[in-house]
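Fold and contact review
What follows is each chain in one-letter form.
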Amino acid sequence: MPRGDGTGPTGQGPGTGRGLGHGGGGRGRMGGQSMGPGGECVCPSCGAKVDHKLGVPCYEMSCPKCGTKMVRG
Ligand SMILES: [Zn+2]
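Residue indices begin from 1 for each chain and proceed along its sequence in written order. For a predicted model such as this one, the threshold for reporting local features is a pLDDT of at least 70, and the threshold for listing and counting side-chain atom pairs is 80 or more; totals across whole chains, interfaces and linings nevertheless cover every residue. Hydrogens are left out, water is left out, and the side-chain values use all remaining heavy atoms of the structure.

**Section: the overall build of the protein**
To qualify as a helix, a DSSP run of H or I must reach at least 4 residues; to qualify as a strand, a run of E must reach at least 2; elements of each kind are numbered from the N terminus. In terms of regular secondary structure, the protein is built from zero helices and three strands. Listed by position from the N terminus, the elements making up the protein come as β-β-β. The contact definition used throughout considers only heavy atoms, calling two residues in contact when any of these lie within 4.5 Å. For the protein, the proportion of contacts with a sequence separation of at least 24, taken over those separated by at least 6, is 28%. Areas reported as accessible are Shrake-Rupley estimates using a 1.4 Å probe. Residue values count occlusion only from the protein chains shown. Approximately 6,400 Å² of the protein is accessible, and the part contributed by carbon and sulfur atoms is 52%.

In structure tokens:
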């Protein structure tokens, strides 16, 4: 700009600011599914735990102590 009258800064204005920046993407979802295969089944009644057997849902297993159906621990 050869004029040099000093009116206003150059290069600023709407349109320069936004754009790339804080994206909203995000990495995966957190939390949730921490229960994979294996693990334990827990008795909701007495709190006993047994190893979870693959292929056998916890609710099909009975507590060795009190016979209550186990739940996924
Ligand atoms: Zn029990």
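**Some points on the coordination of the zinc ion**
Coordination of the zinc ion by the protein comes from Cys-43 (SG), Cys-46 (SG), Cys-63 (SG) and Cys-66 (SG), over a distance range of 2.2 to 2.3 Å. Coordinating N, O and S atoms are those within 2.8 Å of the metal (3.2 Å for Na, K and Ca), and as water is not part of the atoms, a site may appear to have fewer donors than expected. Sites are called tetrahedral only when four donors show all angles between 85 and 135 degrees, square planar or octahedral only when four or six donors show opposite pairs over 155 degrees and all other angles between 65 and 115, and irregular in any remaining case. Geometry at the zinc ion is tetrahedral, judged from its four donor atoms and the angles of 102 to 125° they form at the metal. Written as a sequence motif, the donor arrangement for the zinc ion is C-x2-C-x16-C-x2-C. Exposure is judged per residue with a 1.4 Å probe applied to protein chains only, and the accessible area is read against the type maximum: over 50% gives exposed, under 20% gives buried, and values in between give partly exposed. Taking relative accessible area as the criterion, Cys-46 reaches 40% and is therefore assigned partly exposed.

**Some remarks on the pattern of salt bridges**
Every case where a carboxyl oxygen of Asp or Glu lies within 4 Å of a side-chain nitrogen of Lys or Arg is listed as a salt bridge. In total, this model carries one salt bridge according to the counting rule given. Residue Lys-49 is joined to Glu-40 by a salt bridge in which the shortest nitrogen-to-oxygen separation is 4.0 Å. Judged by relative accessible area, which is 33%, Glu-40 ranks as partly exposed.

**Here's the deal with the state of the cysteines**
Formally, a disulfide is one covalent bond, and it connects the sulfur atom of one cysteine to the sulfur atom of another. Criterion for a disulfide: a pair of cysteine sulfur atoms within 2.5 Å. This model, assessed by the stated rule, comprises one disulfide. Two residues share a disulfide in this structure: Cys-41 and Cys-58, whose sulfurs sit 1.9 Å from each other. Between Cys-41 and Cys-58, the S-S dihedral sits near -75°, and the bridge is therefore left-handed. With Cys-41 in strand β1 (residues 40–42) and Cys-58 in the loop between β2 (49–51) and β3 (71–72), the pair connects residues that are 17 residues apart, well separated along the chain.

**Observations concerning the nonpolar core**
Cys-41, Cys-43, Ala-48, Val-50, Cys-58, Met-61, Cys-63 and Met-70 form the largest nonpolar core, which has eight residues in total. Those residues in contact with Met-70 that lie beyond four places of it in its chain are Cys-41, Val-42, Cys-43, Pro-44, Ala-48, Val-50, Cys-58, Tyr-59, Met-61, Ser-62 and Cys-63. Throughout, nonpolar core names a set of buried Ala, Val, Leu, Ile, Met, Phe, Trp, Tyr and Cys residues whose side chains join them through atoms within 4.5 Å.

**As for the side chain of His-52**
Relative to the assigned elements, His-52 resides in the loop between β2 and β3. Each polar contact in these results corresponds to two N or O atoms within 3.5 Å; when the atoms are within protein, one needs to be able to donate a hydrogen and the other to accept it, and residues that are neighboring in sequence are counted only if both atoms are side-chain atoms. For His-52, the side chain forms a polar contact with the main-chain oxygen of Val-56, separated by 2.8 Å.

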